[in-house]
Amino acid sequence: RQYNAPDMMSSFALRSTAIRGYLTRTLRRPGAVVGSRPMLASAVRPAAVAAGSGDKKKLVFLGTPEVAASALEAILDAAEAPDAAFEVHAVVSQPGRPRGRGRSKSGPPPPSPVAEAAMRRGIPEDMVLCPVKANEPDFLQRLRDMEPDLMITAAYGNFLPQKFLDIPRLGTLNIHPSLLPQFRGAAPVQRCLERGDAVTGVSVAYTVLKMDAGPVLRRVEHKLNGDEKHDELLPELFATGAKALIDALPSVWDGTESFDTATPQADYGDACEAPKTSPEEARMDFIGRNARTLHNKVRGFAGWPGTKAKFEVRKDGSDEGTVVEVKIITTKVVSDSEAGKEAKAANGAVELTKNFMRVPCGGGDWLEVLELQPPGKKAMKAGEYANGMKGSTLTVVSYGDDG
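Residues numbered from 1 in each chain as written. Predicted model: local features only at pLDDT ≥ 70, side-chain atom pairs only at ≥ 80, totals over all residues. Heavy atoms only, no water.

1. Focus on the overall build of the chain
Using the following cut-off: Think of it this way: any DSSP run of H or I at least four residues long counts as a helix, any run of E at least two long counts as a strand, and we number them from the N terminus. Here's how the labels work: a residue is buried when its accessible area is under 20% of the maximum for its type, exposed when over 50%, partly exposed in between, all with a 1.4 Å probe on protein chains only. Every residue pair with non-hydrogen atoms within 4.5 Å of one another is taken to be in contact.
Counting secondary structure elements, the chain contains 10 helices and 16 strands. Taking all 403 residues of the chain together, the buried fraction comes to 50%. Partitioning the intrachain contacts of the chain with sequence separation of at least 6 by distance along the chain shows that 69% fall at a separation of at least 24.

Following this line, the structure appears as structure tokens:
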């Protein structure tokens, strides 16, 4: 389709042009930085992309955040192998959004981490597509014209309509960071850690209209030790998923594995959902919850939306105190025997030492806070915070039914 003037261009074409322009200008600057990565001219290398190159299968990758960009990098590395049977023909991502505190919202936002990675690796500018929605007619037609063999999605973040799913000859595979059918939905790792599971994992499954419900091609378990955090575990699971996907591709290309031969999720047991987390869920109620439940919430909500708790700070000898709300970043469960005293007898009083702060919980145990962030300050070790509280006492304040 030809466009002769900006006012004749579709919104999809305008967005793609703006993103390509941003990336091209950035990449041409010596020592430029895109996102968090330094960008020297020598760092830009040709991607494994060659439209119409022999008999290689055409793969289209869809993703948006940093974890998806890492998966794309792994797939591009595999496509650059001398004996690779496929090429990354195009990359699709959500449009860029403002990132970082203080970033101006008046100019065009930077592209997503996936779009940045695609351009850095040499994906042709006109093959980095950023529709607002995956049902845009111009976008779907572009994909049909490409005649892709396979689509790969990794945290793309847009609903994929049937018109999209009908395009790739071999279907669409999704890297999902859970052991499907467990934790279908937007927050699988967060909900798994919040629930306190001992094992999680990653699945490579075919995409169908129902969210995360397609048959499973690969499923890799990952044991948990009880202290992993969401923002640390998520990249690890996507890296594992990308490797599992790449290992499965030869069987997909030669037809020995397909949608029809993949394992129905029902064979693995009952499904459960993983709804998106909200800031309201970040509240911690030490009075109404036990330490293990609260510790798992801190682990699961690390990064976003985080966890927070209220305490009353009272100067020694004062009859009145001030309620403060702090972000709880890292914790540890401590038993009465380890603490050397009963949590129930503490009556909500927080124990402060030079190394930690111990908070009594409703289950009769203690939650040891190792790292926190006071209002208006940077994150710090709990011992540092406790040292600043000398001459004061801290008491738990409940959120009530909201905790």
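Still more to cover.
2. Regarding the nonpolar core
This is how it is decided: For the purposes of this section, nonpolar cores are sets of buried Ala, Val, Leu, Ile, Met, Phe, Trp, Tyr and Cys residues that join through side-chain atoms within 4.5 Å.
Judged by nonpolar contacts, the single largest core of 68 residues is most densely connected at Leu59, Phe61 and Val88. Filtering out sequence-adjacent residues up to four positions away, Phe61 remains in contact with Ala68, Ala71, Leu72, Ile75, Ala90, Val91, Val92, Val114, Ile152 and Ala154.

3. Observations concerning the side chain of His230
For His230, the location among the structural elements is in helix α7 (residues 230–254). Apart from the residues within four sequence positions on either side, His230 is in contact with Val189, Gln190, Leu193, Pro235, Arg299, Gly300 and Ala302.

4. A short note on the pattern of salt bridges
Here is the rule: Within this document, salt bridges are pairs made up of a side-chain nitrogen of Lys or Arg and a carboxyl oxygen of Asp or Glu, the two lying within 4 Å of each other.
With the rule as written, the count across this model stands at 14 salt bridges. In this structure, the salt-bridge partner of Glu281 is Arg191, at a minimum N-O distance of 2.8 Å. Linking Glu281 in the loop between α7 and α8 (291–300) with Arg191 in helix α6 (residues 188–195), this pair joins segments that are 90 residues apart in sequence. Using a relative accessible area of 10% as the deciding quantity, one classes Arg191 as buried. Three or more residues are tied together by salt bridges with common partners; here these are Glu73, Asp77, Glu80, Arg120 and Arg121.

5. Looking at the pairing of strand β14 (residues 366–373)
Heads up, the condition is: Strands were regarded as paired on the criterion that DSSP finds at least two bridges between them.
Sheet topology places strand β11 (residues 322–334) next to β14; 7 bridges connect them, and they run antiparallel. The residue of β14 that forms the bridge with Ile328 is Leu372. In this structure, strand β13 (residues 357–360) lies alongside β14, joined through 4 bridges in antiparallel fashion. Pairing of Met357 across the sheet is with Val369, part of β14. From the end of β13 to the start of β14, which pair antiparallel, there are 5 residues, and Gly364 there has a positive phi angle of about 85 degrees. Bridge count between β14 and strand β15 (residues 380–381): 2 bridges; the pairing is antiparallel. From the neighbouring strand, Leu372 faces β15, where its bridge partner is Met380.

6. A few points about the sheet that holds strand β7 (residues 172–176)
Ordered in space as β5-β4-β3-β6-β7-β8-β9, the 7 strands form an open sheet in which the pairing is mixed. Two strands in the sheet have a free side with no partner beyond their single neighbour: β5 (128–129) and β9 (216–223). Both strand β6 (residues 150–154) and β7 contribute to a ladder of 3 bridges, which runs parallel. Bridge pairing in β7 links Met151 to Thr172.

7. Considering the environment of Arg144
When you line up the elements, Arg144 lands in helix α4 (residues 137–146). Sequence-wise, Arg144 and Asp166 are 22 residues apart; in three dimensions their C-alpha atoms are separated by 9.4 Å. Those residues in contact with Arg144 that sit more than four places away from it in its chain are Lys163 and Ile167.

8. What about the environment of Ser93?
The condition that has to hold: Polar contacts, as counted here, are pairs of nitrogen or oxygen atoms within 3.5 Å of one another; within protein the pair requires one atom able to donate a hydrogen and one able to accept it, and residues that are adjacent in sequence qualify only if both atoms are side-chain atoms.
Mapped onto the secondary structure, Ser93 falls in the loop between β4 (86–92) and α3 (113–120). Along the sequence, Ser93 and Val132 sit 39 residues apart, while their C-alpha atoms lie 8.9 Å from each other. Setting aside anything within four residues of it in sequence, one finds Ser93 in contact with Gly63, Thr64, Ser112, Val114, Ala115, Leu129, Cys130, Pro131 and Tyr156. In terms of polar contacts, Ser93 uses its side chain to reach the backbone carbonyl oxygen of Gly63, at 2.9 Å.

9. Focus: the packing of aromatic side chains
How two aromatic rings sit relative to each other is set out by the distance from centre to centre and by the angle between their planes. Our working definition: Each Phe, Tyr or Trp ring, with Trp reduced to its six-membered ring, pairs with another whose centre is within 6.5 Å; inter-plane angles below 30 degrees give stacked pairs, above 60 give edge-to-face pairs, and intermediate values give tilted ones.
Following the criterion strictly, the structure yields 3 aromatic pairs and no others. Taking the centre distance of 5.5 Å and the plane angle of 70 degrees together, the rings of Tyr206 and Phe259 count as edge-to-face. Taken together, the positions of Tyr206 in strand β8 (residues 199–206) and Phe259 in the loop between α7 and α8 put the pair 53 residues apart, joining distant regions of the chain. Given a relative accessible area of 3%, Tyr206 falls into the buried group.

10. Considering unusual backbone geometry
A cis amide bond links Leu180 with the next residue in sequence, Pro181, at an omega value of 15 degrees. Positive phi, normally seen in glycine, also occurs at Phe183, with a value near 60 degrees. On the secondary structure map, Phe183 appears in the loop between β7 and α6. With relative accessibility at 5%, the residue Phe183 sits in the buried group. Even without being glycine, Asp212 reaches a positive phi, approximately 55 degrees. Relative to the elements of secondary structure, Asp212 occurs in the loop between β8 and β9.

11. A word on the pairing of β13
In β13, alternate side chains face the same way, and those of Met357 and Val359 on one face and Arg358 and Pro360 on the other are all buried. Of the pairings in the sheet, the one linking strand β12 (residues 351–352) to β13 comprises 2 bridges and is antiparallel in character. Bridged to Glu351 within β13 is Arg358. Linking β12 to β13, which pair antiparallel, is a turn of 4 residues.

Function-wise, these values are silent; they only describe arrangement.
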